[in-house]
Amino acid sequence: MSSLREKAHEIVDRISERKLAEIIDFLEYLKIKEEVEATNEILNDKKMVESIQKGLIQSKNNELVDLENIREDV
């Protein structure tokens, strides 16, 4: 059995050009919806938001450590 992506490609290959525009619009909608859901999931995680805010403050204050420096110390 073929994968879902392969099946989608097979179906799209048989759809008229006129309908492809509608399909693309719907796929873009689904992509944006998924991105918004992922963003909301992060924003609803208090620990994650606090960690991001802490990192932004550290970045603003030039308190970040270079990854290469950490590798040298390991």
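Scoring rules and cut-offs
- Residues numbered from 1 in each chain as written.
- Predicted model: local features only at pLDDT ≥ 70, side-chain atom pairs only at ≥ 80, totals over all residues.
- Heavy atoms only, no water.
- Helix = DSSP H or I, 4+ residues; strand = E, 2+ residues; numbered from the N terminus.
- Rg over C-alpha atoms; globule rule 2.2 N^0.38 Å.
- Buried < 20%, exposed > 50% of the residue type's maximum accessible area, 1.4 Å probe, protein only.
- Areas by Shrake-Rupley, 256 points an atom, 1.4 Å probe, with all protein chains shown as cover.
- Lys, Arg positive; Asp, Glu negative; His and termini not counted.
- Charge placed at Lys NZ, Arg CZ, Asp CG, Glu CD.
- pLDDT = per-residue confidence, 0-100.
- Patch = residues over 30% accessible without salt bridge, like charges linked within 9 Å, V, L, I, M, F, W, Y side chains within 5 Å.
- Salt bridge = Lys/Arg side-chain N within 4 Å of Asp/Glu carboxyl O.
- 1 Å grid on protein atoms, 1.4 Å probe; cavity = no way out; pocket = protein on both sides within 12 Å on 5 of 7 lines; lining within 4 Å.
- Points joined across faces, edges and corners; volume = space filled by probe spheres on them.
- Nonpolar A, V, L, I, M, F, W, Y, C, P; charged D, E, K, R; others polar.

## Quick notes on the overall build of the protein
Then, number 1: When helices and strands are tallied, the protein shows four helices and zero strands.
Then, number 2: When the helices and strands of the protein are read in sequence order from the N terminus, they spell out α-α-α-α.
Then, number 3: What you see for the protein is a C-alpha radius of gyration of 22 Å, clearly larger than the 11 Å of a compact globule of 74 residues, by over 25%.
Then, number 4: In the protein, which comprises 74 residues, the proportion classed as buried is 1%.
Then, number 5: Total accessible area on the protein stands at roughly 7,400 Å², and carbon and sulfur atoms take up 56% of it.
Then, number 6: When the 12 basic and 18 acidic side-chain charges of the protein are each reduced to a single mean position, those positions are 6 Å apart.

## Brief notes about the confidence of the model for the protein
Then, number 1: Mean pLDDT for the protein: 91, with 96% of residues reaching 70 or above.
Then, number 2: Per-element confidence in the protein is highest for helix 2 (residues 17-43), whose mean pLDDT is 95, and lowest for helix 4 (residues 67-73), whose mean pLDDT is 77.

## Focus on a nonpolar patch on the surface
Then, number 1: A surface patch of nonpolar side chains, amounting to about 410 Å² of accessible area, comprises Phe26, Leu27, Tyr29 and Leu30.
Then, number 2: Topologically, Leu30 is positioned in helix 2.
Then, number 3: Its relative accessible area of 36% is what places Leu30 among the partly exposed residues.

## With respect to the layout of surface pockets
Then, number 1: Of the volumes computed, that of the largest pocket is approximately 250 Å³.
Then, number 2: Around the largest pocket, the lining residues are Arg5, Ala8, His9, Val12, Leu20, Ile23, Ile24 and Leu27.
Then, number 3: Going through the elements one at a time, helix 1 (4-13) and helix 2 are the ones with two or more residues in the lining of the largest pocket.
Then, number 4: Within the lining of the largest pocket, the residues separate by chemical class into six nonpolar, one polar and one charged.

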